[in-house]
Amino acid sequence: MISIRFLLRPLQQSSKRRLSTLSQVIDKRLNSELDSIRQAGTWKSERIISTSQSAHIKVQNSKNDLLNFCANNYLGLANNTEIIKAAKNALDEYGAGLSSVRFICGTQTIHKQLEQAIAKFHKREDAILYISCFDANAGIFETLLKEQDYIISDELNHASIIDGIRLCKAKRLRYKNKDMSDLESKLQESHNDKTENVIRLIATDGVFSMDGTIAPLPDIRRLADKYKALVFIDECHATGFFGKTGRGTEEHFDMIGGVDIINSTLGKALGGAAGGYTTGPKALIDLLRQRSRPYLFSNTLPPPIVASAMKAIELIDNDTSLPGRVLDNAKYFRQEMQELGFKILGDDHPICPVMLGDARLASQFADEMLKRGIYVIGFSYPVVPKDRARIRVQVSAAHSKADLQRCIDAFAQVGRQLKVIK
Ligand SMILES: Cc1ncc(COP(=O)(O)O)c(C=O)c1O
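Residues numbered from 1 in each chain as written. Predicted model: local features only at pLDDT ≥ 70, side-chain atom pairs only at ≥ 80, totals over all residues.

K.L.:
Looking at this structure, how should I read the overall build of the protein chain?
P.N.:
When helices and strands are tallied, the protein chain shows 15 helices and 15 strands. Over its C-alpha trace the protein chain gives a radius of gyration of 24 Å, about what one expects of a compact globule, namely 22 Å for 422 residues. Principal axes of the C-alpha set define a box for the protein chain whose edges measure 85 × 60 × 50 Å. In the protein chain, the proportion of contacts linking residues at least 24 apart, taken out of those at least 6 apart, comes to 70%. (Helix = DSSP H or I, 4+ residues; strand = E, 2+ residues; numbered from the N terminus. Rg over C-alpha atoms; globule rule 2.2 N^0.38 Å. Contact = placed C-beta atoms within 7 Å.)

As structure tokens, this is what we get:
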């Protein structure tokens, strides 16, 4: 009879070898990379929220309420009672999830309804849902563009656009942030290529999330027309609240319908849960349903999330004052902070980056703000360029004037303490 110990010996040896390989990777690679992040002062620690997302929250290990100035909860809908009710009803009626991708057996009536609502909201022919906008950005470029095509993108585009572009085989040209003469020279370069049937696609964030600046869409459209290019924008930081009725950057410039393809998120102003989409011409949406890999190979958006986004769109359509509220708050905050002597980047947008430069200073500043009951986060490399560290304040329609004033007063105190302002 063969002894069991004899049988186990090779297994034990291979398991030992595996553990030693793993511990070498951990020691020599992972731990040294982790140390270098700590030493650079760019370590990101996560504070743990023990309430729902809101302007007023609690975090673990802190007794007091905090004023929250770092969520993308632009319209304050993340804990809206009507949205929660709609999500609960959908949970009861349609279940927790589909256990499937869309094309196998994962499409319910509400998914089609939400796609139609999104297309109508943006005045487009059709829309396609994804589990996130990151996925929408991962799917669009590879599906639309082939080797002979050109993708011409802004250097400060969101990481998900950059990653999406990496997946496609088109020729890549990058223009300096919002620099229209550089964009024109890149378009000219692509235009010199006389290959037939070439797609030239300009890709830009509508609003740049780290800077709170706005892409010059009318100029981009003009150049696109001159060089026969298409325009794609990522509207994550505009959909639902930017522009008079929340239609985003196009509406801000009074040019609804002026770009060719829009990608955006359901995870910020539109209820804050999760989900993303592409909206545009029907033929493009049809092609994405056939070819887009994150759509074909990832699970369906869960019904409660679909219902919450649908309710958010309905609320925005029924209360046109909602976008105005967040933009008024942003204007007030920016003005008061600039008067105090802070350098605030960006245009009239609720993303208000308070520039500090040094990564450690940004992190220390955020810690001091937390002691005063204000929850803000320091952003440093690699999220923003080196020596351009900042605190990105995000203003919401849910903030009262008193909330804004408390935040401004705390900035004034900490700014003087750390010698950022006089
Ligand atoms: C500009 C931009 N695009 C895309 C995304 C990804 O969105 P989602 O969270 O829906 O994946 C984000 C999220 O931070 C973003 O800011």
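K.L.:
What's the story with the domain arrangement of the protein chain in this structure? I'm lost.
P.N.:
Interface size is commonly expressed as the accessible surface area that is lost when the partners come together. Annotation of the protein chain at the domain level lists domain 1 (56-71 + 320-417) and domain 2 (81-318). For domain 1 and domain 2, the distance between their C-alpha centroids amounts to 28 Å. Listed by contribution, the elements that provide at least two residues to the side of domain 1 that touches domain 2 are α13 (321-340) and β12 (351-357). Taken together, the residues of the side of domain 1 that touches domain 2 sort by class into 10 nonpolar, three polar and two charged. (Domains from an automatic or database assignment. Nonpolar A, V, L, I, M, F, W, Y, C, P; charged D, E, K, R; others polar.)

K.L.:
Please clarify how the site of the ligand should be interpreted in this entry.
P.N.:
What surrounds the ligand is a group of 14 residues, the closest being Ser132, Cys133, Phe134, His158 and Thr265. When residues of the shell around the ligand are assigned to their parent elements, the largest contribution, three residues, is made by helix α5 (residues 133-144). Of the residues assigned to the shell around the ligand, the class counts are three nonpolar, nine polar and two charged. (Near = placed C-beta within 6 Å.)

K.L.:
What's the story with the nonpolar core in this structure? I'm lost.
P.N.:
The nonpolar side chains of a soluble globular protein tend to be buried with one another. One finds Ile151, Leu201, Ile202, Ala309, Ile374, Val376 and Ile391 to be the most contacted residues of the largest nonpolar core, which totals 113 residues. If one sorts the elements of this core by residue count, helix α12 (residues 303-318) sits on top with eight residues. Lining this core are residues from two domains, each supplying at least three of them: domain 1 (56-71 + 320-417) and domain 2 (81-318). Apart from residues no more than four positions distant in its own chain, Ile151 is found in contact with Phe141, Leu145, Ile165, Cys168, Ala170, Arg172, Leu201 and Ala203. (Core = buried A, V, L, I, M, F, W, Y, C linked by C-beta atoms within 7 Å. Buried ≥ 20, exposed ≤ 12 C-beta atoms within 10 Å, placed from the backbone.)

K.L.:
Where do I start with the UniProt feature "domain: Aminotransferase class I/classII large" (unreviewed entry) in the protein chain in this structure?
P.N.:
Those residues carrying the UniProt feature "domain: Aminotransferase class I/classII large" (unreviewed entry) are residues 65-411 in this numbering. The annotated region residues 65-411 carries 44% helix and 17% strand content, and the separation between its end C-alpha atoms amounts to 18 Å. (UniProt positions renumbered as here; feature names shortened; annotations may be inferred.)

K.L.:
Is there a simple way to think about unusual backbone geometry in this case?
P.N.:
The bulk of non-glycine residues show a negative phi, and the bulk of peptide bonds are trans. In this structure, the amide linkage connecting Tyr381 to the following residue, Pro382, adopts the cis form with an omega of 10 degrees. Along the polypeptide, Pro382 turns up in the loop between β14 (378-379) and β15 (389-394). Despite not being glycine, Lys178 shows a phi value in the positive range, around 60 degrees. Secondary-structure assignment places Lys178 in the loop between β5 (171-175) and α7 (180-191).

K.L.:
Please clarify how the packing of α13 against helix α15 (residues 401-417) should be interpreted in this entry.
P.N.:
When two helices pack together, their arrangement is captured by the angle between the axes and the distance separating the axes. One can describe the packing of α13 onto α15 by two numbers: an axis separation of 10 Å at closest approach and a directional angle of 20 degrees. By the angle between their directions, the pair α13 and α15 is classed as roughly parallel. Crossing of α13 over α15 shows right-handed handedness. Where α13 approaches α15, its residues Asn329, Tyr332, Phe333, Glu336, Met337 and Leu340 are matched on the opposing element by Leu404, Ile408, Phe411, Ala412 and Gly415. Tallied by class, the residues present in the contact of α13 with α15 amount to eight nonpolar, two polar and one charged. (Axes fitted to C-alpha atoms, helices over the stretch in contact; angles between N-to-C directions. Parallel < 35°, antiparallel > 145°, perpendicular 65-115°, else oblique. Left-handed = near helix turned anticlockwise from the far one by under 90°.)

K.L.:
Explain the packing of α5 against helix α6 (residues 159-166) here, please?
P.N.:
One can describe the packing of α5 onto α6 by two numbers: an axis separation of 7 Å at closest approach and a directional angle of 30 degrees. Comparing their axes, α6 and α5 come out roughly parallel. Relative to α6, α5 is oriented so that their crossing is right-handed. Together, Cys133, Phe134, Asn137, Ala138, Ile140 and Phe141 of α5 and Ser160, Ile161, Asp163, Gly164 and Ile165 of α6 make up the contact between the two elements. Grouping the amino acids of the contact of α5 with α6 by side-chain chemistry returns seven nonpolar, three polar and one charged.

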